[in-house]
Amino acid sequence: MSEPLIRIRQLCHSYGNTPVLRQLSADMSGGEIIAVLGANGAGKTTLIQLMLGLLSQQQGEIKILGQAPAQIRRDPQLSGQLGVMLQQASLPGQLTVLEQLRLFSAYYPAPLDLQTLIERFGLQGFLQQRCSSLSGGQRQSLLLALALLGQPKILFLDEPTVGMDVQARQRFWQLIRAARAEGLCILLTTHYLEEADALADRILLLKDGQFIADTSPTALKAGLNQRQIRCHSSLPLAALQQLPGVSNVVALAGQQVQISSNQVENCLRQLLQQDPQLCDLTVSAASLEQAFLQLTQTTAETQQ
Amino acid sequence: MNSPWLSLSQRVALYKTEAEMDLKTLWRTPGFILPCLAFPVLFYLLFGVVLSKGQHAEYLLVSYAAFGVMGPALFNFGANVATERAQGWLTLKQISPAPIGSWLFGKTLSCLLLALLIILLLFVCAGAIAGVRLYTSQWLSLALVLLLGTIPFCLLGLTLGLTLSAKSAPATINLIYLPLAFLGGLWLPLQLLPTALQQLALVLPSYHLGQLGYAVIGKDRGEPWWVNVAVLALYSLVLLWLAARRFQAQSHERR
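Residues numbered from 1 in each chain as written. Chains lettered and ligands numbered in written order. Predicted model: local features only at pLDDT ≥ 70, side-chain atom pairs only at ≥ 80, totals over all residues.

1. Quick look at the sheet that holds strand 8 (residues 202-207) of chain A
Residue and element names in this part refer to chain A.
Inference 1: Overall, mixed pairing links the 6 strands, which are arranged 5-6-7-3-8-9 in an open sheet. Both edges of this open sheet fall to strand 5 (82-85) and strand 9 (210-215), since each of them pairs with a single strand only. The average angle at which neighbouring strand axes cross in this sheet is 15°, direction not considered.
Inference 2: Helix 5 (residues 136-148) rests against strand 5 and strand 6 (154-158) of the sheet, and its axis sits at about 165° to strand 5.
Inference 3: Set on the sheet, helix 6 (residues 166-181) makes contact with strand 3 (33-37), strand 6 and strand 7 (185-189); between it and strand 7 the angle comes to about 145°. (Pairing = 2+ DSSP bridges. Helix = DSSP H or I, 4+ residues; strand = E, 2+ residues; numbered from the N terminus. Axes fitted to C-alpha atoms, helices over the stretch in contact; angles between N-to-C directions. Contact = placed C-beta atoms within 7 Å.)

Encoded structure:
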């Protein structure tokens, strides 16, 4: 197909003597939502800042629409094709939502029609409100509207739904999916794994400065052989630990326990035999969260 | 070469919008505007009219007007830029396609308008209450000198705003503003200060702004006017260079 919109090759970065990113390579193209996941300190923010030219590059290559990130601040033709939502950016509080929209649309030669944008983002209800009085969800919707106003090709979303309630987040996801449908390349960092699971076509899992996975959420979960058993059991925890394939047992409220096993059928057979009073049984497949934990932990162990 | 990002008319519209928004922001912050307007006026009425029984009303008009116009320059650029920086707003602007000039234009314009308002208020107090009589040409040149004289202070404010944290900016700027005014001879005539301080004044921009103003009413200390202008211009150039460097460095300090 055509050239990737973002191209990263052998990217390395360190703060002093501490390496943060090691030999990262990836291509990203239009019409996909890519989630960069990783524990705190894994290098997500550094990666985004390098891509936006907010940090000076040390080693390796990044091309944003074929150009070096340092050009973003110099060339409006390049920055005009990017939409950015920065982590916890707040808006100057004294302007109203409408004024803020008007100011930002003056930055672009062909901005989206404000009326359309306002309806699409559900901003009608609080156009005359000062930005300082917006709720978390309203503020993030406005910031997303500002990011999309110039009809960008690439959208950077750094922790976009922090502080949003469940409904606001669901609506926000709809807007992001709509942007994907228009062919944007969307790069998302998030702490919410359910968000990555719900939105992303691709997950780049960052661990110790390297991509340890670059695959779809489904494939990531399928690669995980663990499943979980939850039940009421009178057996002592030590006995549960001895069951086949058990890696972890957690005591929940009441007599509930949660058992993680990679031989869930064998484990169940023995469990039912040993505990005839067992009840409230559920078995669930791995969540992205478990995949995340397992992947980030196992590599940590093999490295030691 | 590529065609320009915005057409000329779009560019004009952008500069207008930026100015409108910065003015609205200022206007909706009475906690900023009111002290900026009230302090020079109250000081003038107290020291220039009541306590000195109007004897030095002319001289002190220049003093407090110069003191007054420094305020919005230092604070609108200093404290407000520091806040915009802390909010991540400045970073968002830096990576947006907006030319940085439009942002500076908006801020400068609102500073100048606020400075003009302070000058006019003081002129009204001087003419109507303190009985100051000047030729029209003197009123006009005084206003012009003071307005142009705010530029080095705008740049000083900008450099500070790009350097200080949002929390420390207001206090630090006061720590610079008030001594600058006092040591530049804007509160007490320099003759009343010790000799060492009188010599220190010669390197302060506030002193040279004051002298340009006093020259309009014939009460300066006698340096040629171009010396004052040259010192203020030199300050402006150095501060412009510093501010540009700080601006470039902005992004690299965020982590």
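Moving on, there is more to tell.
2. Some thoughts on the sheet that holds strand 2 (residues 18-28) of chain A
Residues and elements named next belong to chain A.
Inference 1: One open sheet accounts for 3 strands, arranged 2-1-4; its pairing is antiparallel. Every interior strand has two partners, whereas the edge strands, strand 2 and strand 4 (59-64), have only one. Pairs of neighbouring strands in the sheet enclose a mean axial angle of 25°, with direction left out of account.

3. A word on helix 1 (residues 8-27) of chain B
Counting along an α-helix, one turn takes 3.6 residues, and residues three or four places apart therefore face a common direction.
Inference 1: Between the first and last C-alpha of helix 1 of chain B there are 28 Å, a value that for 20 residues agrees with the 28 Å anticipated at 1.5 Å per step.
Inference 2: Every buried residue of helix 1 of chain B is listed here: L14(B), E18(B), M21(B), D22(B), T25(B) and L26(B). The arc that holds every buried residue of helix 1 of chain B, seen down its axis, measures 135°, which confines them to one face. For helix 1 of chain B, the exposed residues lying more than 90 degrees away from the buried face are L8(B), S9(B) and V12(B).
Inference 3: Contact partners of the buried residues in helix 1 of chain B: helix 3 (97-105) of chain A together with helix 2 (30-51), helix 3 (57-86) and helix 5 (100-129) of chain B. (Expected span 1.5 Å × (residues − 1). Buried ≥ 20, exposed ≤ 12 C-beta atoms within 10 Å, placed from the backbone. Arc of directions from axis to C-beta.)

4. What to know about the pairing of strand 7 of chain A
All names here are of chain A.
Inference 1: With respect to burial, strand 7 is a largely interior element, 5 of its 5 residues being buried.
Inference 2: Judged by which residues are buried, strand 7 turns out to be covered on both faces: C185, L187 and T189 on one side and I186 and L188 on the other are all buried.
Inference 3: In this region the chain leaves strand 6, passes through helix 6 and returns to the parallel neighbour strand 7; the handedness of that crossover is right-handed. (Right-handed = clockwise from strand over helix to strand, strands pointing away.)

5. Remarks on the pairing of strand 12 (residues 256-261) of chain A
Residues and elements named next belong to chain A.
Inference 1: In this sheet, strand 12 lies alongside strand 10 (residues 227-232) in antiparallel orientation, the contact comprising 6 bridges. Bridging across to strand 12, I229 finds its partner in I259.
Inference 2: Inspection of the sheet shows strand 11 (residues 246-251) paired to strand 12 by 5 bridges, in the antiparallel sense. Of the residues in strand 12, the one forming a bridge with V246 is S261.
Inference 3: Between strand 11 and strand 12, which follow one another and run antiparallel, lie 4 residues, and G254 among them has a positive phi close to 65°.

6. Focus: the nonpolar core
Inference 1: Formed by 83 residues in total, the largest nonpolar core has its most connected members in I34(A), A35(A) and I186(A).
Inference 2: Of the residues forming this core, the biggest block, 7 residues, is contributed by helix 5 of chain A.
Inference 3: When residues no more than four places from it in sequence are discounted, the contact partners of A35(A) are L188(A), T190(A), A196(A), L199(A), A200(A) and I203(A).
Inference 4: Grouped together as the second largest cluster of nonpolar side chains are 64 residues, F77(B), L142(B), L162(B) and A215(B) included. (Core = buried A, V, L, I, M, F, W, Y, C linked by C-beta atoms within 7 Å.)

7. Description of the environment of I119(B)
All names here are of chain B.
Inference 1: With respect to the element layout, I119 can be found in helix 5.
Inference 2: In sequence terms I119 and K107 are 12 residues apart; their C-alpha atoms lie 18 Å from each other.
Inference 3: Apart from residues lying up to four places away in sequence, I119 is in contact with A65, V69, A143 and L146.

8. Examining the environment of T83(B)
Inference 1: By secondary structure assignment, the location of T83(B) is in helix 3.
Inference 2: Residues T83(B) and K167(B), 84 residues apart in the sequence, show an inter-C-alpha distance of 8.1 Å.

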